[in-house]
Amino acid sequence: MNLKPARPPSEGSSRDGGATRRRGAKLEDAILDAAWDVLTEHGYHGFTYEAIAARAGTSRPVLYRRWPRRQDLLLATLAKFWRLIDVPDTGSLREDAIGFLRNADADRAGMITLMSVHLEEYFRDTGTSLGELRDTLLPPGLPSAFETIVARAVERGELPDAPRSPRMLNLPLDLLRHDLLLTMRPVPDETIIEIVDEIWLPLLGQAPPPRSS
């Protein structure tokens with residue numbers, strides 16, 4: 001995942017070098033882009049109104065009017081760059097699970113590093129955790145990816161319609177996230193397959209596919 005979004009370098013200037021008057025959504029986008037750059041370069045310690053206003057070419061009062069607290073500005077910044085991970089629909093429980101973990105591994109490796117390293121001071125100051133921050137960024141009421149994957153498998157008749165705890169359903173992503181946090185780099189594909197075949201499918205009562213010789 002590229003932590004720096006591609007965008008035109010002169011958001012606050014006209015083509016002839018003169019200043020432009022930004023308002024509304026355009027100004028807010030420029031501020032959040034600048035806030036993201038400051039966060040990824042300097043972490044939460046350097047995530048100040050002064051630094052962000054200077055990077056965005058605006059003033060501190062403009063930021064304070066929109067986001068009275070630094071945490072409000074941080075959450076708005078993360079919400080802009082936090083994308084939902086694509087959930088495959090291949091017609092196979094196993095392939096959906098493996099495909100989703102691959103998507104998560106490719107998309108979240110950089111974000112997990114950012115949140116665990118750059119936001120350590122934020123978690124300490126607010127008494128919150130990475131999991132709580134993640135839940136804040138997710139749309140309310142949205143089923144988790146693995147809840148969706150299992151529900152589709154039940155509809156297809158791959159799995160019986162039986163109660164399953166959220167912890168069991170979401171275990172593959174929890175294990176992937178654990179490896180990402182420990183290593184701070186992408187998880188090998190063989191580990192992703194092992195999580196699904198040797199841990200998750202047996203928990204669901206599914207026999208893993210035979211190992212190739």
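Coordinates for the structure precede this section.
The shown structure was predicted, so the numbers you read here are calculated from the model rather than taken from an experiment.

I'd like to hear about the overall build of the protein, residue by residue, with values.
Within the protein, the secondary structure is distributed over 11 helices and zero strands. Listed by position from the N terminus, the elements making up the protein come as α-α-α-α-α-α-α-α-α-α-α. For the protein, the residues scored as buried account for 36% of the 213 residues in total. Pairs at least 24 apart in sequence give 67% of the contacts found in the protein among residues at least 6 apart.

So what's going on with the packing of helix H1 (residues 24-42) against helix H2 (residues 49-56)? Which residues, and what values?
Packing of H1 against H2 leaves a shortest axis separation of 8 Å and a crossing angle of 125 degrees. With respect to their mutual orientation, H1 and H2 come out oblique. Seen from above, H1 lies across H2 with right-handed handedness. Facing Ala-30, Ile-31, Ala-34, Ala-35, Asp-37, Val-38, Glu-41 and His-42 of H1, the residues of H2 in contact are Ala-51, Ile-52, Arg-55 and Ala-56.

Could you give an account of the packing of aromatic side chains, naming the residues involved and the relevant values?
Applying the stated criterion to the full structure yields seven aromatic pairs. When the ring of Tyr-44 is compared with that of Phe-47, the centres are 6.3 Å apart and the planes differ by 20 degrees; the resulting orientation is stacked. The same class applies to Tyr-44 as to Phe-47, namely buried. An aromatic cluster is present here, built from Tyr-44, Phe-47, Tyr-122 and Phe-123 joined pairwise through their rings. Over the aromatic face of Tyr-44 sits the side chain of Arg-70, whose NZ or CZ is 3.8 Å from the ring centroid.

Residue-level account of H1, with values.
Residues that lie three or four places apart on an α-helix share one face, since the helix turns once every 3.6 residues. Spanning 19 residues, H1 covers 27 Å between terminal C-alpha atoms, matching the ideal 27 Å at 1.5 Å per step. Note on H1: the residue one or two positions beyond its end, Gly-43, has a positive phi of about 75 degrees.

How would you sum up the environment of Asp-96? Please name residues and give values.
Here Asp-96 is to be found in helix H5 (residues 93-118). In this structure, the C-alpha to C-alpha distance between Asp-96 and Phe-146, residues 50 residues apart in sequence, is 9.0 Å. For Asp-96, the contacting residues outside a window of four places in its chain are Pro-88, Asp-89, Thr-90, Gly-91, Ile-149 and Arg-156.

Hey, could you go over the side chain of Asp-197 for me, with residue numbers and the actual values?
If you trace the backbone, Asp-197 turns up in helix H11 (residues 189-203). Non-local contacts of Asp-197, meaning those with residues more than four positions away in its chain, are made with Arg-94, Pro-202, Pro-208 and Pro-209.

A description of the packing of helix H10 (residues 171-183) against H11 should follow, citing residues and the corresponding values.
The contact between H10 and H11 brings their axes to 10 Å, and the two run at 145 degrees. Viewed along their axes, H10 and H11 form a crossing whose handedness is right-handed. Residues Leu-171, Pro-172, Leu-175, Leu-176 and Asp-179 of H10 touch H11, and the partners they reach there are Thr-191, Ile-192, Ile-195, Ile-199, Trp-200 and Leu-203. The residue makeup of the contact of H10 with H11, split by class, is nine nonpolar, one polar and one charged.

Rules and cut-offs
Residues numbered from 1 in each chain as written. Predicted model: local features only at pLDDT ≥ 70, side-chain atom pairs only at ≥ 80, totals over all residues. Heavy atoms only, no water. Helix = DSSP H or I, 4+ residues; strand = E, 2+ residues; numbered from the N terminus. Buried < 20%, exposed > 50% of the residue type's maximum accessible area, 1.4 Å probe, protein only. Contact = heavy atoms within 4.5 Å. Axes fitted to C-alpha atoms, helices over the stretch in contact; angles between N-to-C directions. Parallel < 35°, antiparallel > 145°, perpendicular 65-115°, else oblique. Left-handed = near helix turned anticlockwise from the far one by under 90°. Phe/Tyr/Trp six-rings, centres within 6.5 Å; stacked < 30°, edge-to-face > 60°. Lys NZ or Arg CZ within 6 Å of the ring centre and 35° of its normal. Expected span 1.5 Å × (residues − 1). Nonpolar A, V, L, I, M, F, W, Y, C, P; charged D, E, K, R; others polar.

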